[in-house]
Amino acid sequence: MTNDHALERNKRNARDFYDLMFNRCRPREAIERYAGSVYIQHNPDVADGKEAFIEYFERMAAEYPGKRVEFKRALAEGNHVVLHCRQAWPGDHDYAGIDIFRLDDDGKVVEHWDVLQVIPEQAANDNGMF
């Protein structure tokens, strides 16, 4: 597979993984279809590993029905994909998020980092967060 094809595959797999677990509320299927042999988690609110990921996002689906993520951009370099996202959590805030995924050589997600920022009602500039 050429490097360009691998980068596009990785971006597609990261988006499809995130969409399936977050928007479609099927984290177990997301792990089964898109995760590699391990799943290393760096978010301090989510325990490490595949089962912990599934349990967390099943709980989030129950607690925040209708939660949504919208992908604004995807960047890929080597085995890493960065997704710039808008997250909507009904009854809570909307967030601007950066999710970083490391994928293995087969295009499977094996590691995740993220940072989130509440989208403010007012900003000091007119540029927007996206």
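Above this text you will find the structure in question.
Predicted, not measured: the structure shown is a model, and the values here were computed from it. (Residues numbered from 1 in each chain as written. Predicted model: local features only at pLDDT ≥ 70, side-chain atom pairs only at ≥ 80, totals over all residues. Heavy atoms only, no water.)

*Asks:* Which residues make up the packing of helix α2 (residues 27-34) against helix α3 (residues 50-63), and what are the values?
*Replies:* Put simply, α2 and α3 touch, their axes get as near as 8 Å, and they point 145° apart. In contact with Pro-27, Arg-28 and Ile-31 of α2, α3 contributes Lys-50, Glu-51, Phe-53, Ile-54, Phe-57 and Glu-58. Among the residues making up the contact of α2 with α3, the classes are represented as five nonpolar, no polar and four charged. (Axes fitted to C-alpha atoms, helices over the stretch in contact; angles between N-to-C directions. Helix = DSSP H or I, 4+ residues; strand = E, 2+ residues; numbered from the N terminus. Contact = heavy atoms within 4.5 Å. Nonpolar A, V, L, I, M, F, W, Y, C, P; charged D, E, K, R; others polar.)

*Asks:* Which residues make up the pattern of salt bridges, and what values do they have?
*Replies:* Taken as a whole, this structure holds nine salt bridges when the rule is applied. Here Lys-11 makes a salt bridge to Glu-8, at a shortest N to O gap of 3.1 Å. Note that Lys-11 and Glu-8 are positioned in helix α1 (residues 3-23) at a spacing of three residues, about one turn of the helix. Glu-8 gets classed as partly exposed once you look at its relative accessible area, which sits at 43%. (Salt bridge = Lys/Arg side-chain N within 4 Å of Asp/Glu carboxyl O. Buried < 20%, exposed > 50% of the residue type's maximum accessible area, 1.4 Å probe, protein only.)

*Asks:* Describe the packing of α1 against α2, naming the residues involved and giving the relevant values.
*Replies:* Contact geometry of α1 with α2 gives a least axis separation of 7 Å together with a crossing angle of 160°. The angle between α1 and α2 falls in the class roughly antiparallel. When the axes of α1 and α2 are compared, the crossing they make is right-handed. Facing Asn-13, Asp-16, Phe-17, Leu-20 and Met-21 of α1, the residues of α2 in contact are Pro-27, Glu-29, Ala-30, Ile-31, Arg-33 and Tyr-34. Here the contact of α1 with α2 is composed, by residue class, of seven nonpolar, one polar and three charged. (Parallel < 35°, antiparallel > 145°, perpendicular 65-115°, else oblique. Left-handed = near helix turned anticlockwise from the far one by under 90°.)

By themselves, these observations are geometric and do not establish any function.
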